[in-house]
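Chain by chain, the residues:
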There are 2 protein chains.
Amino acid sequence: MSGSMGRREREHAQRYNDILDAAEECFAEKGFHGTTVEDVANRAEFAVGTLYKFFSSKDELYKALIKERVEYLIQAGLEAMADVVGTEELVRCYIETKVRLCRAKPNFLRLYTRERMGDRFAKTELWREVVWPNFERLYTRLTEAFEAGIAEGALRDDIEVFDMVVALDNITDGFLFDALDDDDIDKYATKVEVMMRLFFDGVARK
Amino acid sequence: MSGSMGRREREHAQRYNDILDAAEECFAEKGFHGTTVEDVANRAEFAVGTLYKFFSSKDELYKALIKERVEYLIQAGLEAMADVVGTEELVRCYIETKVRLCRAKPNFLRLYTRERMGDRFAKTELWREVVWPNFERLYTRLTEAFEAGIAEGALRDDIEVFDMVVALDNITDGFLFDALDDDDIDKYATKVEVMMRLFFDGVARK
DNA sequence: TCATTATATGAATTGATATTCACAAGATGA
DNA sequence: TCATCTTGTGAATATCAATTCATATAATGA
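Please read these numbers as outputs of a predicted model, since none were measured by experiment. (Residues numbered from 1 in each chain as written. Chains lettered and ligands numbered in written order. Predicted model: local features only at pLDDT ≥ 70, side-chain atom pairs only at ≥ 80, totals over all residues. Heavy atoms only, no water.)

### Details of the protein's contact with DNA strand D
In the vicinity of DNA strand D lie 17 residues, with A:Arg7, A:Arg8, A:Val37, A:Tyr52 and A:Lys58 positioned nearest. Contacts to DNA strand D include B:Arg15, whose side-chain N or O atom sits 3.3 Å from a phosphate oxygen. The set of elements that each furnish at least two residues to the surface near DNA strand D consists of helix H1 (7-34) and helix H3 (48-54) of chain A together with helix H1 (7-34) and helix H3 (48-54) of chain B. Sort the elements by how many residues they give to the surface near DNA strand D and H3(B) lands first, with 4 residues. For the surface near DNA strand D, the class distribution of residues is 6 nonpolar, 5 polar and 6 charged. (Near = heavy atom within 4 Å. Polar contact = N/O pair within 3.5 Å; in protein donor to acceptor, adjacent residues only side chain to side chain. Helix = DSSP H or I, 4+ residues; strand = E, 2+ residues; numbered from the N terminus. Nonpolar A, V, L, I, M, F, W, Y, C, P; charged D, E, K, R; others polar.)

The structure is reproduced here in C-alpha coordinates:
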(Lines give C-alpha, C1' and ligand atoms only; values in the text may rest on other atoms or scores of the structure.)
Protein backbone atom coordinates (compact mmCIF):
# COMPACT_ATOMS: atom_id res chain seq x y z
CA MET A 1 0.00 0.00 0.00
CA SER A 2 2.70 2.45 0.99
CA GLY A 3 4.31 1.91 -2.39
CA SER A 4 1.53 3.78 -4.10
CA MET A 5 1.92 6.82 -1.85
CA GLY A 6 4.12 9.80 -2.51
CA ARG A 7 6.61 10.92 0.09
CA ARG A 8 4.15 13.52 1.38
CA GLU A 9 1.46 11.00 2.03
CA ARG A 10 3.90 8.52 3.44
CA GLU A 11 5.29 11.02 5.92
CA HIS A 12 1.82 12.09 6.89
CA ALA A 13 0.82 8.48 7.51
CA GLN A 14 3.99 7.99 9.52
CA ARG A 15 3.19 10.92 11.80
CA TYR A 16 -0.39 9.76 12.09
CA ASN A 17 0.82 6.40 13.31
CA ASP A 18 3.35 7.93 15.67
CA ILE A 19 0.50 9.79 17.30
CA LEU A 20 -1.57 6.62 17.56
CA ASP A 21 1.38 4.84 19.18
CA ALA A 22 1.83 7.62 21.70
CA ALA A 23 -1.88 7.62 22.40
CA GLU A 24 -1.84 3.86 22.91
CA GLU A 25 0.82 4.12 25.58
CA CYS A 26 -0.85 6.99 27.38
CA PHE A 27 -4.36 5.56 27.33
CA ALA A 28 -3.18 2.10 28.36
CA GLU A 29 -1.32 3.61 31.28
CA LYS A 30 -3.80 6.12 32.58
CA GLY A 31 -7.10 5.48 30.86
CA PHE A 32 -9.07 7.83 28.64
CA HIS A 33 -9.94 10.43 31.26
CA GLY A 34 -6.63 10.24 33.05
CA THR A 35 -4.82 11.09 29.84
CA THR A 36 -4.69 14.70 28.64
CA VAL A 37 -4.22 15.73 25.04
CA GLU A 38 -1.02 17.37 26.22
CA ASP A 39 0.23 14.01 27.53
CA VAL A 40 -0.22 12.45 24.12
CA ALA A 41 1.32 15.45 22.38
CA ASN A 42 4.37 15.35 24.64
CA ARG A 43 4.87 11.64 24.16
CA ALA A 44 4.54 11.99 20.39
CA GLU A 45 6.86 15.03 20.46
CA PHE A 46 4.36 17.35 18.85
CA ALA A 47 2.58 20.47 20.04
CA VAL A 48 -1.03 20.15 21.08
CA GLY A 49 -2.20 22.12 18.09
CA THR A 50 -0.52 19.68 15.77
CA LEU A 51 -2.57 16.77 17.04
CA TYR A 52 -5.65 18.70 16.02
CA LYS A 53 -4.34 18.80 12.47
CA PHE A 54 -4.59 15.02 12.48
CA PHE A 55 -7.63 14.38 14.68
CA SER A 56 -10.57 16.69 15.17
CA SER A 57 -10.87 15.86 18.88
CA LYS A 58 -9.56 13.70 21.69
CA ASP A 59 -12.57 11.49 21.17
CA GLU A 60 -11.81 10.98 17.50
CA LEU A 61 -8.23 10.12 18.34
CA TYR A 62 -9.39 7.49 20.79
CA LYS A 63 -11.90 6.02 18.38
CA ALA A 64 -9.35 5.91 15.58
CA LEU A 65 -6.91 4.10 17.85
CA ILE A 66 -9.39 1.48 19.00
CA LYS A 67 -10.68 0.91 15.47
CA GLU A 68 -7.22 0.57 13.98
CA ARG A 69 -5.94 -1.84 16.58
CA VAL A 70 -9.05 -3.95 17.05
CA GLU A 71 -9.27 -4.50 13.33
CA TYR A 72 -5.61 -5.40 13.20
CA LEU A 73 -5.82 -7.85 16.09
CA ILE A 74 -8.92 -9.66 14.90
CA GLN A 75 -7.61 -9.79 11.36
CA ALA A 76 -4.29 -11.19 12.54
CA GLY A 77 -6.11 -13.76 14.66
CA LEU A 78 -8.39 -14.89 11.87
CA GLU A 79 -5.52 -15.17 9.42
CA ALA A 80 -3.51 -17.28 11.83
CA MET A 81 -6.46 -19.63 12.19
CA ALA A 82 -7.42 -19.59 8.53
CA ASP A 83 -6.08 -22.94 7.37
CA VAL A 84 -6.24 -24.84 10.62
CA VAL A 85 -8.36 -27.99 10.58
CA GLY A 86 -9.44 -30.10 13.54
CA THR A 87 -11.09 -28.78 16.67
CA GLU A 88 -8.19 -29.38 19.02
CA GLU A 89 -5.70 -27.84 16.61
CA LEU A 90 -7.90 -24.80 16.15
CA VAL A 91 -8.27 -24.21 19.86
CA ARG A 92 -4.53 -24.58 20.34
CA CYS A 93 -3.97 -22.11 17.53
CA TYR A 94 -6.46 -19.69 19.08
CA ILE A 95 -4.67 -19.82 22.42
CA GLU A 96 -1.20 -19.54 20.91
CA THR A 97 -2.20 -16.67 18.70
CA LYS A 98 -3.49 -14.90 21.75
CA VAL A 99 -0.03 -15.28 23.30
CA ARG A 100 1.69 -13.88 20.23
CA LEU A 101 -0.61 -10.90 19.94
CA CYS A 102 -0.37 -10.25 23.63
CA ARG A 103 3.39 -10.19 23.36
CA ALA A 104 3.24 -7.84 20.39
CA LYS A 105 0.73 -5.40 21.85
CA PRO A 106 0.42 -5.73 25.64
CA ASN A 107 -0.50 -2.08 26.04
CA PHE A 108 -3.27 -2.33 23.57
CA LEU A 109 -4.64 -5.45 25.18
CA ARG A 110 -4.93 -3.60 28.46
CA LEU A 111 -6.74 -0.83 26.69
CA TYR A 112 -8.94 -3.23 24.76
CA THR A 113 -9.92 -5.03 27.94
CA ARG A 114 -10.91 -1.80 29.53
CA GLU A 115 -12.96 -0.93 26.47
CA ARG A 116 -14.53 -4.36 26.42
CA MET A 117 -15.51 -4.32 30.04
CA GLY A 118 -15.96 -0.64 30.73
CA ASP A 119 -17.96 0.46 27.75
CA ARG A 120 -19.59 -2.86 27.11
CA PHE A 121 -22.42 -2.28 29.55
CA ALA A 122 -22.63 1.39 28.72
CA LYS A 123 -23.23 0.24 25.13
CA THR A 124 -21.26 3.08 23.60
CA GLU A 125 -21.29 3.72 19.89
CA LEU A 126 -17.67 2.61 19.76
CA TRP A 127 -18.54 -0.72 21.28
CA ARG A 128 -21.53 -1.29 19.02
CA GLU A 129 -19.99 -0.04 15.81
CA VAL A 130 -16.36 -1.11 16.11
CA VAL A 131 -15.46 -3.47 18.91
CA TRP A 132 -18.34 -5.90 18.89
CA PRO A 133 -18.64 -6.39 15.09
CA ASN A 134 -14.97 -7.33 14.95
CA PHE A 135 -15.23 -9.56 17.93
CA GLU A 136 -18.21 -11.25 16.38
CA ARG A 137 -16.15 -12.35 13.40
CA LEU A 138 -13.93 -14.32 15.77
CA TYR A 139 -16.92 -15.80 17.56
CA THR A 140 -18.38 -16.86 14.24
CA ARG A 141 -15.17 -18.59 13.23
CA LEU A 142 -15.06 -20.52 16.52
CA THR A 143 -18.77 -21.29 16.42
CA GLU A 144 -18.53 -22.87 13.00
CA ALA A 145 -15.49 -24.89 14.00
CA PHE A 146 -17.22 -26.19 17.11
CA GLU A 147 -20.30 -27.13 15.12
CA ALA A 148 -18.07 -29.19 12.87
CA GLY A 149 -16.43 -30.63 15.98
CA ILE A 150 -19.77 -31.83 17.27
CA ALA A 151 -20.72 -33.26 13.89
CA GLU A 152 -17.59 -35.36 13.72
CA GLY A 153 -17.94 -36.49 17.32
CA ALA A 154 -14.97 -34.68 18.82
CA LEU A 155 -17.12 -32.45 21.03
CA ARG A 156 -20.04 -33.26 23.30
CA ASP A 157 -23.42 -32.42 21.84
CA ASP A 158 -25.25 -31.43 25.02
CA ILE A 159 -23.72 -27.97 25.38
CA GLU A 160 -24.53 -25.15 22.98
CA VAL A 161 -21.61 -24.06 20.82
CA PHE A 162 -22.06 -20.45 21.84
CA ASP A 163 -21.56 -21.50 25.45
CA MET A 164 -18.40 -23.34 24.49
CA VAL A 165 -17.10 -20.23 22.79
CA VAL A 166 -17.89 -18.13 25.84
CA ALA A 167 -16.04 -20.63 28.03
CA LEU A 168 -12.96 -20.73 25.80
CA ASP A 169 -12.82 -16.99 25.43
CA ASN A 170 -13.16 -16.40 29.14
CA ILE A 171 -10.82 -19.13 30.35
CA THR A 172 -8.09 -17.76 28.10
CA ASP A 173 -8.87 -14.18 29.11
CA GLY A 174 -8.59 -15.12 32.75
CA PHE A 175 -5.03 -16.34 32.31
CA LEU A 176 -4.24 -13.46 30.01
CA PHE A 177 -5.35 -10.84 32.54
CA ASP A 178 -3.42 -12.55 35.26
CA ALA A 179 -0.31 -12.32 33.09
CA LEU A 180 -0.98 -8.69 32.11
CA ASP A 181 -1.41 -7.87 35.79
CA ASP A 182 2.14 -8.96 36.43
CA ASP A 183 3.45 -7.72 33.11
CA ASP A 184 4.69 -11.22 32.48
CA ILE A 185 3.52 -12.64 29.20
CA ASP A 186 5.74 -15.70 29.55
CA LYS A 187 3.52 -16.72 32.42
CA TYR A 188 0.63 -16.90 29.97
CA ALA A 189 2.69 -18.80 27.43
CA THR A 190 3.44 -21.57 29.93
CA LYS A 191 -0.26 -22.10 30.53
CA VAL A 192 -1.21 -23.17 27.02
CA GLU A 193 -1.52 -26.85 27.89
CA VAL A 194 -3.32 -26.07 31.14
CA MET A 195 -5.92 -24.08 29.23
CA MET A 196 -6.28 -26.86 26.68
CA ARG A 197 -6.94 -29.42 29.41
CA LEU A 198 -9.28 -27.14 31.33
CA PHE A 199 -11.29 -26.43 28.23
CA PHE A 200 -11.46 -29.94 26.80
CA ASP A 201 -11.44 -32.13 29.90
CA GLY A 202 -12.40 -29.95 32.87
CA VAL A 203 -11.04 -30.33 36.38
CA ALA A 204 -12.67 -33.56 37.50
CA ARG A 205 -10.49 -36.61 38.00
CA LYS A 206 -11.31 -39.10 35.26
CA MET B 1 -25.96 -2.53 65.18
CA SER B 2 -28.63 0.08 64.47
CA GLY B 3 -30.19 -0.71 67.83
CA SER B 4 -27.27 0.89 69.64
CA MET B 5 -27.59 4.16 67.70
CA GLY B 6 -29.66 7.13 68.73
CA ARG B 7 -32.18 8.55 66.33
CA ARG B 8 -29.67 11.19 65.22
CA GLU B 9 -27.08 8.65 64.23
CA ARG B 10 -29.66 6.41 62.65
CA GLU B 11 -31.03 9.18 60.48
CA HIS B 12 -27.56 10.25 59.50
CA ALA B 13 -26.69 6.68 58.50
CA GLN B 14 -29.93 6.50 56.56
CA ARG B 15 -29.09 9.61 54.56
CA TYR B 16 -25.55 8.37 54.03
CA ASN B 17 -26.91 5.19 52.52
CA ASP B 18 -29.45 7.01 50.41
CA ILE B 19 -26.58 8.94 48.88
CA LEU B 20 -24.61 5.74 48.25
CA ASP B 21 -27.66 4.22 46.56
CA ALA B 22 -28.08 7.23 44.33
CA ALA B 23 -24.38 7.19 43.52
CA GLU B 24 -24.53 3.51 42.66
CA GLU B 25 -27.26 4.08 40.11
CA CYS B 26 -25.54 7.06 38.54
CA PHE B 27 -22.08 5.54 38.35
CA ALA B 28 -23.37 2.22 37.01
CA GLU B 29 -25.30 4.05 34.33
CA LYS B 30 -22.76 6.61 33.17
CA GLY B 31 -19.43 5.73 34.74
CA PHE B 32 -17.36 7.79 37.13
CA HIS B 33 -16.46 10.62 34.76
CA GLY B 34 -19.83 10.68 33.04
CA THR B 35 -21.54 11.26 36.37
CA THR B 36 -21.55 14.76 37.89
CA VAL B 37 -21.89 15.45 41.58
CA GLU B 38 -25.07 17.28 40.66
CA ASP B 39 -26.46 14.08 39.08
CA VAL B 40 -25.95 12.21 42.33
CA ALA B 41 -27.36 15.08 44.39
CA ASN B 42 -30.47 15.27 42.21
CA ARG B 43 -31.04 11.55 42.35
CA ALA B 44 -30.61 11.54 46.13
CA GLU B 45 -32.85 14.62 46.43
CA PHE B 46 -30.25 16.71 48.20
CA ALA B 47 -28.42 19.89 47.26
CA VAL B 48 -24.84 19.57 46.05
CA GLY B 49 -23.54 21.19 49.21
CA THR B 50 -25.23 18.59 51.34
CA LEU B 51 -23.30 15.77 49.70
CA TYR B 52 -20.13 17.51 50.80
CA LYS B 53 -21.37 17.34 54.39
CA PHE B 54 -21.19 13.55 54.01
CA PHE B 55 -18.24 13.04 51.66
CA SER B 56 -15.25 15.30 51.32
CA SER B 57 -15.06 14.82 47.54
CA LYS B 58 -16.51 12.97 44.58
CA ASP B 59 -13.54 10.64 44.82
CA GLU B 60 -14.24 9.80 48.44
CA LEU B 61 -17.86 9.13 47.62
CA TYR B 62 -16.83 6.71 44.89
CA LYS B 63 -14.33 4.93 47.11
CA ALA B 64 -16.83 4.64 49.96
CA LEU B 65 -19.35 3.14 47.56
CA ILE B 66 -16.97 0.56 46.13
CA LYS B 67 -15.65 -0.37 49.56
CA GLU B 68 -19.10 -0.75 51.10
CA ARG B 69 -20.49 -2.86 48.32
CA VAL B 70 -17.46 -5.02 47.61
CA GLU B 71 -17.20 -5.92 51.26
CA TYR B 72 -20.88 -6.70 51.37
CA LEU B 73 -20.77 -8.90 48.26
CA ILE B 74 -17.72 -10.90 49.27
CA GLN B 75 -19.01 -11.30 52.81
CA ALA B 76 -22.37 -12.49 51.53
CA GLY B 77 -20.65 -14.92 49.19
CA LEU B 78 -18.39 -16.35 51.87
CA GLU B 79 -21.25 -16.74 54.30
CA ALA B 80 -23.34 -18.57 51.74
CA MET B 81 -20.47 -20.99 51.17
CA ALA B 82 -19.50 -21.28 54.82
CA ASP B 83 -20.94 -24.65 55.71
CA VAL B 84 -20.86 -26.29 52.31
CA VAL B 85 -18.83 -29.49 52.07
CA GLY B 86 -17.82 -31.38 48.97
CA THR B 87 -16.14 -29.86 45.94
CA GLU B 88 -19.06 -30.19 43.58
CA GLU B 89 -21.50 -28.77 46.10
CA LEU B 90 -19.19 -25.84 46.81
CA VAL B 91 -18.83 -24.97 43.15
CA ARG B 92 -22.56 -25.20 42.65
CA CYS B 93 -23.05 -22.93 45.65
CA TYR B 94 -20.49 -20.46 44.28
CA ILE B 95 -22.29 -20.29 40.96
CA GLU B 96 -25.73 -20.02 42.48
CA THR B 97 -24.66 -17.36 44.94
CA LYS B 98 -23.33 -15.38 42.04
CA VAL B 99 -26.82 -15.52 40.48
CA ARG B 100 -28.45 -14.33 43.66
CA LEU B 101 -26.07 -11.46 44.20
CA CYS B 102 -26.33 -10.48 40.58
CA ARG B 103 -30.09 -10.36 40.88
CA ALA B 104 -29.88 -8.30 44.05
CA LYS B 105 -27.33 -5.78 42.79
CA PRO B 106 -27.04 -5.80 38.99
CA ASN B 107 -26.07 -2.13 38.91
CA PHE B 108 -23.27 -2.65 41.29
CA LEU B 109 -21.99 -5.67 39.41
CA ARG B 110 -21.68 -3.56 36.28
CA LEU B 111 -19.78 -0.99 38.27
CA TYR B 112 -17.62 -3.61 39.95
CA THR B 113 -16.72 -5.18 36.64
CA ARG B 114 -15.63 -1.86 35.30
CA GLU B 115 -13.55 -1.30 38.40
CA ARG B 116 -12.08 -4.74 38.19
CA MET B 117 -11.00 -4.41 34.61
CA GLY B 118 -10.40 -0.71 34.33
CA ASP B 119 -8.41 -0.09 37.45
CA ARG B 120 -6.88 -3.52 37.68
CA PHE B 121 -4.08 -2.80 35.24
CA ALA B 122 -3.73 0.78 36.37
CA LYS B 123 -3.18 -0.63 39.86
CA THR B 124 -5.07 2.16 41.57
CA GLU B 125 -5.01 2.50 45.31
CA LEU B 126 -8.67 1.50 45.37
CA TRP B 127 -7.87 -1.73 43.59
CA ARG B 128 -4.90 -2.56 45.76
CA GLU B 129 -6.39 -1.53 49.08
CA VAL B 130 -10.03 -2.45 48.72
CA VAL B 131 -11.04 -4.55 45.75
CA TRP B 132 -8.21 -7.05 45.55
CA PRO B 133 -7.91 -7.89 49.27
CA ASN B 134 -11.60 -8.74 49.37
CA PHE B 135 -11.42 -10.70 46.20
CA GLU B 136 -8.50 -12.62 47.59
CA ARG B 137 -10.57 -13.90 50.51
CA LEU B 138 -12.84 -15.59 48.00
CA TYR B 139 -9.91 -17.02 46.08
CA THR B 140 -8.49 -18.39 49.30
CA ARG B 141 -11.75 -20.11 50.18
CA LEU B 142 -11.91 -21.75 46.76
CA THR B 143 -8.23 -22.64 46.78
CA GLU B 144 -8.53 -24.50 50.07
CA ALA B 145 -11.62 -26.34 48.94
CA PHE B 146 -9.93 -27.44 45.73
CA GLU B 147 -6.88 -28.65 47.62
CA ALA B 148 -9.19 -30.79 49.70
CA GLY B 149 -10.87 -31.93 46.49
CA ILE B 150 -7.56 -33.13 45.09
CA ALA B 151 -6.66 -34.86 48.35
CA GLU B 152 -9.86 -36.84 48.36
CA GLY B 153 -9.53 -37.71 44.68
CA ALA B 154 -12.46 -35.70 43.34
CA LEU B 155 -10.25 -33.38 41.30
CA ARG B 156 -7.34 -34.07 38.97
CA ASP B 157 -3.94 -33.45 40.48
CA ASP B 158 -2.06 -32.29 37.39
CA ILE B 159 -3.50 -28.76 37.31
CA GLU B 160 -2.60 -26.16 39.94
CA VAL B 161 -5.46 -25.16 42.17
CA PHE B 162 -4.92 -21.48 41.45
CA ASP B 163 -5.46 -22.24 37.76
CA MET B 164 -8.66 -24.05 38.59
CA VAL B 165 -9.87 -21.05 40.54
CA VAL B 166 -9.02 -18.74 37.65
CA ALA B 167 -10.94 -21.00 35.30
CA LEU B 168 -14.02 -21.17 37.51
CA ASP B 169 -14.06 -17.47 38.17
CA ASN B 170 -13.71 -16.59 34.53
CA ILE B 171 -16.12 -19.14 33.12
CA THR B 172 -18.80 -17.87 35.48
CA ASP B 173 -17.92 -14.24 34.76
CA GLY B 174 -18.24 -14.90 31.04
CA PHE B 175 -21.83 -16.04 31.41
CA LEU B 176 -22.53 -13.34 33.92
CA PHE B 177 -21.34 -10.55 31.60
CA ASP B 178 -23.33 -11.99 28.75
CA ALA B 179 -26.42 -11.86 30.96
CA LEU B 180 -25.68 -8.33 32.20
CA ASP B 181 -25.22 -7.24 28.58
CA ASP B 182 -28.80 -8.18 27.87
CA ASP B 183 -30.08 -7.14 31.29
CA ASP B 184 -31.43 -10.66 31.64
CA ILE B 185 -30.26 -12.35 34.81
CA ASP B 186 -32.57 -15.32 34.23
CA LYS B 187 -30.39 -16.17 31.28
CA TYR B 188 -27.50 -16.66 33.70
CA ALA B 189 -29.63 -18.69 36.08
CA THR B 190 -30.46 -21.20 33.34
CA LYS B 191 -26.78 -21.79 32.69
CA VAL B 192 -25.86 -23.16 36.10
CA GLU B 193 -25.66 -26.77 34.93
CA VAL B 194 -23.83 -25.78 31.77
CA MET B 195 -21.16 -24.04 33.82
CA MET B 196 -20.89 -27.02 36.14
CA ARG B 197 -20.31 -29.39 33.21
CA LEU B 198 -17.90 -27.03 31.47
CA PHE B 199 -15.87 -26.62 34.62
CA PHE B 200 -15.81 -30.25 35.76
CA ASP B 201 -15.88 -32.17 32.48
CA GLY B 202 -14.86 -29.79 29.72
CA VAL B 203 -16.22 -29.84 26.19
CA ALA B 204 -14.69 -33.03 24.82
CA ARG B 205 -16.95 -35.97 24.06
CA LYS B 206 -16.20 -38.70 26.57
C1' DT C 1 16.67 33.75 -4.24
C1' DC C 2 11.94 34.60 -3.22
C1' DA C 3 6.98 33.89 -3.24
C1' DT C 4 3.82 30.44 -2.07
C1' DT C 5 2.04 26.72 0.20
C1' DA C 6 2.04 23.30 3.85
C1' DT C 7 2.95 22.24 8.45
C1' DA C 8 3.89 23.15 13.40
C1' DT C 9 3.40 25.90 17.56
C1' DG C 10 1.58 26.96 22.28
C1' DA C 11 -0.54 30.86 24.66
C1' DA C 12 -5.18 32.33 25.06
C1' DT C 13 -10.02 31.02 25.10
C1' DT C 14 -13.82 28.32 26.37
C1' DG C 15 -16.55 25.14 28.65
C1' DA C 16 -17.51 22.00 32.09
C1' DT C 17 -17.88 20.64 36.71
C1' DA C 18 -15.83 19.94 41.39
C1' DT C 19 -15.73 22.44 45.51
C1' DT C 20 -16.74 26.21 48.82
C1' DC C 21 -19.21 29.14 51.83
C1' DA C 22 -22.33 32.61 53.50
C1' DC C 23 -26.80 32.18 54.50
C1' DA C 24 -31.47 29.81 55.37
C1' DA C 25 -34.35 26.53 57.48
C1' DG C 26 -35.29 23.35 60.84
C1' DA C 27 -34.75 20.94 65.26
C1' DT C 28 -33.86 20.98 70.24
C1' DG C 29 -34.32 21.94 74.81
C1' DA C 30 -34.45 25.67 78.43
C1' DT D 1 -41.09 31.73 73.06
C1' DC D 2 -36.36 32.35 72.29
C1' DA D 3 -31.41 31.24 71.84
C1' DT D 4 -28.58 27.67 70.14
C1' DC D 5 -27.12 24.12 67.58
C1' DT D 6 -27.63 21.07 63.54
C1' DT D 7 -28.45 20.35 58.90
C1' DG D 8 -29.51 21.88 54.14
C1' DT D 9 -28.97 25.13 50.19
C1' DG D 10 -27.30 26.63 45.64
C1' DA D 11 -25.08 30.64 43.57
C1' DA D 12 -20.38 31.95 43.27
C1' DT D 13 -15.60 30.46 42.73
C1' DA D 14 -11.72 27.67 41.48
C1' DT D 15 -9.73 24.27 38.74
C1' DC D 16 -8.65 21.68 35.09
C1' DA D 17 -8.28 20.32 30.44
C1' DA D 18 -10.16 20.41 25.48
C1' DT D 19 -10.05 23.28 21.65
C1' DT D 20 -8.81 27.33 18.77
C1' DC D 21 -6.13 30.43 16.08
C1' DA D 22 -2.83 34.04 15.04
C1' DT D 23 1.70 33.45 14.22
C1' DA D 24 6.19 31.11 13.20
C1' DT D 25 8.76 27.82 10.73
C1' DA D 26 9.91 24.81 7.09
C1' DA D 27 9.42 22.86 2.41
C1' DT D 28 8.67 23.47 -2.52
C1' DG D 29 9.56 24.75 -6.96
C1' DA D 30 9.77 28.76 -10.28
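There is more to say after this.
### Quick look at unusual backbone geometry
All names here are of chain A. A positive phi angle is found at Glu45, which is not glycine, with a value near 60°. With respect to the secondary-structure elements, Glu45 resides in the loop between helix H2 (37-44) and H3. What makes Glu45 exposed here is its relative accessible area of 73%. (Buried < 20%, exposed > 50% of the residue type's maximum accessible area, 1.4 Å probe, protein only.)

### A few points about H1(A)
Residues and elements named next belong to chain A. Across its 28 residues, H1 extends only 36 Å between first and last C-alpha, which sits more than 12% below the 40 Å expected from 1.5 Å per residue. Bending of H1 peaks at approximately 85° at the position of Ala28. Turning to H1, its buried residues are Ile19, Leu20, Ala22, Ala23, Glu24, Cys26, Phe27, Ala28, Gly31 and Phe32. (Expected span 1.5 Å × (residues − 1). Bend = angle between axes of the 7 residues up to and from the residue.)

### Let's talk about the packing of helix H7 (residues 125-151) of chain B against helix H8 (residues 161-181) of chain B
All names here are of chain B. Viewed as axis vectors pointing N to C, H7 and H8 meet at an angle of 120°, and their least axial separation amounts to 9 Å. The pairing of H7 with H8 is recorded here as oblique in orientation. Along this stretch, H7 crosses H8, giving a crossing that reads as right-handed. Every residue of H8 that contacts H7 at Phe135, Tyr139, Leu142, Thr143, Phe146, Glu147 and Ile150 is listed here: Val161, Phe162, Met164, Val165, Val166, Leu168 and Asp169. Tallied by class, the residues present in the contact of H7 with H8 amount to 11 nonpolar, 1 polar and 2 charged. (Axes fitted to C-alpha atoms, helices over the stretch in contact; angles between N-to-C directions. Parallel < 35°, antiparallel > 145°, perpendicular 65-115°, else oblique. Left-handed = near helix turned anticlockwise from the far one by under 90°. Contact = heavy atoms within 4.5 Å.)

### Details of the environment of A:Glu144
Residues and elements named next belong to chain A. Its location among the elements puts Glu144 in helix H7 (residues 125-151). What makes Glu144 partly exposed here is its relative accessible area of 49%. Each C-alpha atom, one on Glu144 and one on Arg92, is 16 Å from the other, the two residues being 52 residues apart in sequence.

### A word on the interface of chain B and chain A
At the junction of the two partners, chain B supplies 42 residues and chain A supplies 43 residues. With a shortest N-O distance of 2.9 Å, B:Asp163 and A:Lys191 are connected by a salt bridge. Joining chain B to chain A, the criterion identifies 14 residue pairs in polar contact (both at pLDDT 80 or more). For the side of chain B that touches chain A, the leading source of residues is H8(B), giving 13 residues. The residue makeup of the side of chain B that touches chain A, split by class, is 20 nonpolar, 7 polar and 15 charged. (Salt bridge = Lys/Arg side-chain N within 4 Å of Asp/Glu carboxyl O.)

### Focus: the pattern of salt bridges
Summed over the entire model, instances satisfying the criterion amount to 49 salt bridges over all chains. Residue A:Asp21 pairs with A:Arg69 through a salt bridge whose shortest N-O separation is 2.6 Å. Remark: A:Arg69 occurs in helix H4 (residues 58-81) and A:Asp21 occurs in helix H1; sequence separation between them is 48 residues. On the basis of relative accessibility, which here comes to 37%, the residue A:Asp21 falls in the partly exposed class. Relative accessible area serves as the criterion here: at 4%, A:Arg69 is assigned to the buried category. Put simply, B:Lys187 and B:Asp178 hold a salt bridge, and the shortest N to O gap is 3.3 Å. According to the relative accessible area criterion, B:Asp178 is buried, its value standing at 15%.

Any functional reading would require information that these geometric values do not contain.
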